[in-house]
Amino acid sequence: MNTIYLKSEHEGPSEAVKAAAAEGAVMIVEQPDLTAEMLLAHKGLITGNQLDQNAMLLMRGALAAFLDVGGRWFFNGHMVRPLADGMSQYRPIEAPKRADFDLSSVNPHPLFSGIDLLMLETNKGVAGFYGRGCNPLPEGAVAVNGLGAAQVPVDWVWARPRGGRIFSHAGNDLGSMGLEWNLSGELTRRIIDWTRGGACFDPWPSAPASPAADLPLAASETYGGMRMSSRTGRRIVAPSSGTYYNIRSLEGPRYTEIFDIICAPEQLGDILRPGDILWVPCRTPAQRMIAQKDLVARHLAGGGTVVALGESRSDLWLPKVDFSGTPTNWWWWLDPAADLGVRVTEAAASYPLMAGIGRRQATWHLHGWFVPPDGATVLVRDGEGRAILYEDKVSTKGTMILSSLDPMFHHGSHFMPATTLFLDHFVPNVKAFANV
């Protein structure tokens, strides 16, 4: 039996995954197509950090059955909906400093054999991509790699008492690490091999090394789940794709009261009203909104409003959006004299949605730019003068507020404080806009 690579993202899987699929070692499955029977017919499972944890929660019983018969699950990301008994909610390092992201081995695991962890610790010299906290160790789990002096267990492996094993990597997908050293393909191959029964702790450590007893972790947050609203006026409707960063940004205590309705994209047809503001969070897997393309077009034709943030590929499901992506430079700020060039326009100064937002709040990194239609209002430009946030009231009878900035992803990942500064103003500004 081979391994399921569960595809939740819009983009195709890596070349290493495709090669493994061509060899018959991996079966690539779109997440909505996954069934309990399919899961039980395979030995391994790999999930990425765009996993729809809401949908996976509905398969909790099937996942337990898969593990009970000896299945192996490699989990990437933050566990915000505990999907297996014995697991608990992700917790970030509280107020981290650079030294808190130093990566070290706690108990050497064959998956990392021969790999210098310094090659994984940073990405272009920037720390934090590998991980910024942990999915807390279940009872009996063994820490593999740790962060900082306390060795916060960012990686661990657990031989469940009832059977099966879970390998948790609480950061960006492990198969995307080590890009500067061409390690991503090798890591992916090792992950696949592990899920198919490859080398693990054998024998299981009887007295493994442990992280510090008192870990410097922030308190858990409460996430209230999907919700409806009895409000009769203009509502803010936010489709959540169940990713950990969608869940924290929409349901976490900082912003959740702003959103009247939190639902799945597939529920919009029964929920969205003409006066509503449709807020599509950044890094929503694009296929979820492409399937709603006609519905969104009708909403705009009826005078509705859409807010679409970065990396959700709004050009694929909104009308008349001209977008060009660009390679992301996230290391520019390592040079104290560097300036990414982002500027808030003069028009933004009198624009209610931009109240309190200046260059500092809009600057972290860039993913691309737009060519807005004549008559649109550009609110933020990049260093080349190209639009990265604008309002379009001319392409449809409605209003489109479009950006290539991805603040909700980073806020939801506890990564890059400027993104939270942006949302601290932008989210209530949209609420005030809804109340006008």
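Bringing empty space enclosed by the protein into the picture now. Applying the stated criterion across every chain yields a total of one cavity of 30 Å³ or more. The volume enclosed by the largest cavity comes to roughly 60 Å³.

Turning next to the packing of aromatic side chains. In the structure shown here, the tally under the stated rule is 14 aromatic pairs. With a centroid separation of 5.3 Å and 85° between ring planes, the pair formed by Tyr-244 and Tyr-245 is classed as edge-to-face. Neither residue differs from the other here; Tyr-244 and Tyr-245 are each classed as buried. Note on Trp-279 and Phe-426: the rings are 5.7 Å apart at their centroids and 65° apart in plane angle, and the pair reads as edge-to-face. Here Trp-279, found in strand 15 (residues 277–280), pairs with Phe-426, found in helix 12 (residues 417–435); they are 147 residues apart in sequence, far enough to count as distant. As far as burial versus exposure is concerned, Trp-279 and Phe-426 are alike and both buried.

It is worth spelling out the layout of surface pockets at this point. The calculated volume of the largest pocket comes to roughly 1200 Å³. Along the wall of the largest pocket there are 43 residues; nearest its centre are Asn-49, Gln-50, Asp-173, Ser-176 and Arg-283. For the lining of the largest pocket, the secondary structure elements donating two or more residues are strand 1 (3–7), strand 3 (44–47), helix 6 (184–195) and helix 11 (407–412). Of the residues that constitute the lining of the largest pocket, the class distribution is 17 nonpolar, 20 polar and six charged. If you add up the space inside the second largest pocket, you get close to 1000 Å³. Counting only elements with at least two residues in the lining of the second largest pocket, the list comes to strand 8 (126–127), helix 11 and helix 12. Looking at which element gives the most residues to the lining of the second largest pocket, the answer is helix 12, with six residues. Here the residues of the lining of the second largest pocket sort into 23 nonpolar, nine polar and ten charged.

This paragraph deals with helix 7 (residues 244–251). Among the eight residues that make up helix 7, eight are buried, leaving the element largely enclosed by the rest of the structure. Turning to helix 7, its buried residues are Tyr-244, Tyr-245, Asn-246, Ile-247, Arg-248, Ser-249, Leu-250 and Glu-251. In this structure, the buried side of helix 7 is in contact with helix 3 (53–57), strand 13 (236–239), strand 14 (261–263) and helix 11.

Thresholds, definitions, all that
Residues numbered from 1 in each chain as written. Predicted model: local features only at pLDDT ≥ 70, side-chain atom pairs only at ≥ 80, totals over all residues. Heavy atoms only, no water. 1 Å grid on protein atoms, 1.4 Å probe; cavity = no way out; pocket = protein on both sides within 12 Å on 5 of 7 lines; lining within 4 Å. Points joined across faces, edges and corners; volume = space filled by probe spheres on them. Phe/Tyr/Trp six-rings, centres within 6.5 Å; stacked < 30°, edge-to-face > 60°. Buried < 20%, exposed > 50% of the residue type's maximum accessible area, 1.4 Å probe, protein only. Helix = DSSP H or I, 4+ residues; strand = E, 2+ residues; numbered from the N terminus. Nonpolar A, V, L, I, M, F, W, Y, C, P; charged D, E, K, R; others polar. Contact = heavy atoms within 4.5 Å.

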